[in-house]
Amino acid sequence: MSRRRTPPPSPLPQRDGVDPVRVRLPGEGEWATVGEHLVDRLSGAGAGVVRGMLDDGLIVGADGRPVAADAAYVPGMYVWFHRELAPEVPVPFPVEVVYRDEHIVVADKPHFLATTPRGSHVTQTVLARLRHDLGIPALSAAHRLDRLTAGLVLFTVRPEERGAYQTLFRDRLVHKEYEAVAPYDPGLDLPRTLRSRIVKERGVLTAREVEGESNAVSRIEPAEWRGEGPARYRLLPATGQTHQLRVHMSALGLPILGDPLYPEPGPPVPDGDFRRPLQLLARVLEFTDPVTGVPHRFVSGRQLAAWTSYADWAGR
């Protein structure tokens, strides 16, 4: 079996911290020209848009030169272009850099800002902002947080080292602590460890627990209660399934304040509505650096608004 060749480097620079799109022409096909293939491949954009990009020289080959619409189809050829992005509502909260060296960047992410480009969130992401602000175009995320969750995220500076840091998360060698604000239940026996099987289907907003071998493990501990109102909890996930802590807290009858999906999805939250953020924070990230051997422990400087001032949070 032949080994797939490594794609050539992009001839186009990033734009606002976002990589250009790379397309590889299939090894087999009945297209006579590059333009014919791209019109078929990018049908969602519309034939007129694709042809216009070709005519304007916005689609380039590995040498950086514009690809002509009538250029002969070459199997395995790579082309690049920048997508025309829809306007995004700016997230008006800063990304704080808590640590930076030649290998990693640790950022303290605000609520409402996605970790990496996905769906309709492209430029309004932590990754795009950091690439632009720090001048590190090769920066990559070693893991992700939900868009609505705030707290610590680890990024890698060198592409060749990213796998080593991702392996830390895969092999559960990263100690993670979260903080949440949720209802108080005096009859609930805590702390406890929840184990279940969680599945998240593509295109479905919520994850759910199903029968089967557990793939999600979370320890839930009470942290503080003031005698009235909600309580603060310490959450220790041993695994990293999508929405895991939100699902497990809801299963206990303690849905996290501000959660628009659990226990039941509510009305869609309009873009630009930054009221009542989800009260979930990735508070602590601790690991031994796989490249340098240095032990790291990082603590978020953010506070959950419903705990510091519930009335202000609820009245927003």
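This text goes with the structure placed above it.
Just so you know, these numbers come straight off a predicted model, no measurement behind them.

The rules we used
- Note on numbering: residues in each chain are counted from 1, in written sequence order.
- For this predicted model, a pLDDT threshold of at least 70 governs which residues receive local features, and a threshold of 80 or more governs which side-chain atom pairs are given and counted, while totals over whole chains, interfaces and linings are taken from all residues.
- Water and hydrogen atoms were dropped before computing side-chain values, which therefore reflect all heavy atoms in the structure.
- Only the stretch in contact is used when a helix axis is fitted, and all axes are lines through C-alpha atoms; the angle between N-to-C directions ranges over 0 to 180 degrees.
- The way it works is that DSSP assigns letters per residue, a run of H or I at least four long becomes a helix, a run of E at least two long becomes a strand, and they are numbered from the N terminus.
- Roughly parallel means an angle under 35 degrees; roughly antiparallel means over 145; roughly perpendicular covers 65 to 115; every other angle is labelled oblique.
- Each helix crossing is assigned a hand: it is left-handed if the near helix lies turned anticlockwise from the far helix by less than a right angle, otherwise right-handed if that turn is clockwise.
- Contact definition: two residues touch when any of their heavy atoms are within 4.5 Å.
- Any carboxyl oxygen of Asp or Glu within 4 Å of a side-chain nitrogen of Lys or Arg constitutes a salt bridge here.
- Type-normalised accessible area, obtained with a 1.4 Å probe on protein chains alone, sets the label of each residue: buried when under 20%, exposed when over 50%, and partly exposed for intermediate values.
- Only protein atoms enter the calculation, which uses a 1 Å grid: trapped sets of points that fit a 1.4 Å probe without letting it out are cavities, open sets showing protein on both sides within 12 Å along at least five of seven lines are pockets, and any residue with an atom within 4 Å of a point is a lining residue.
- Grid points are joined across faces, edges and corners, and a volume is the space filled by probe spheres set on the points.
- Gly is put with the polar residues, along with every residue not named as nonpolar or charged; the nonpolar set is Ala, Val, Leu, Ile, Met, Phe, Trp, Tyr, Cys and Pro, and the charged set is Asp, Glu, Lys and Arg.

Help me out: how do you make sense of the packing of helix α1 (residues 34-41) against helix α2 (residues 47-55) in this one?
A pair of packed helices can be characterised by two numbers: the angle between their axes and the separation between those axes. Contact geometry of α1 with α2 gives a least axis separation of 9 Å together with a crossing angle of 140°. The angle between α1 and α2 falls in the class oblique. Crossing of α1 over α2 shows right-handed handedness. For the pair α1 and α2, the contacting residues are G35, L38 and V39 in the first and A47, V50, R51 and L54 in the second.

Help me understand the pattern of salt bridges in this model?
Any two side chains of opposite charge can pair, on the condition that their charged atoms come close. One pass over the structure, following the stated rule, counts 17 salt bridges. For R158, the salt bridge goes to E102, with nearest N and O atoms at 2.9 Å. Here E102 lies in the loop between β3 (96-100) and β4 (104-109) and R158 lies in the loop between β6 (150-156) and α4 (162-170), a separation of 56 residues in the sequence. For R275, the salt bridge identified is with D273, shortest N-O distance 2.8 Å. A relative accessible area of 42% means that R275 is categorised as partly exposed.

What should I look at first to understand empty space enclosed by the protein in this one?
One way to see where empty space is left: roll a probe the size of a water molecule over the atoms. By the definition in use, this model includes one cavity of 30 Å³ or more. Lining the largest cavity, in full, are H143, L145, L152, K176, E177, Y178, A282, V284 and L285. Here the residues of the lining of the largest cavity are counted per class, giving six nonpolar, one polar and two charged.

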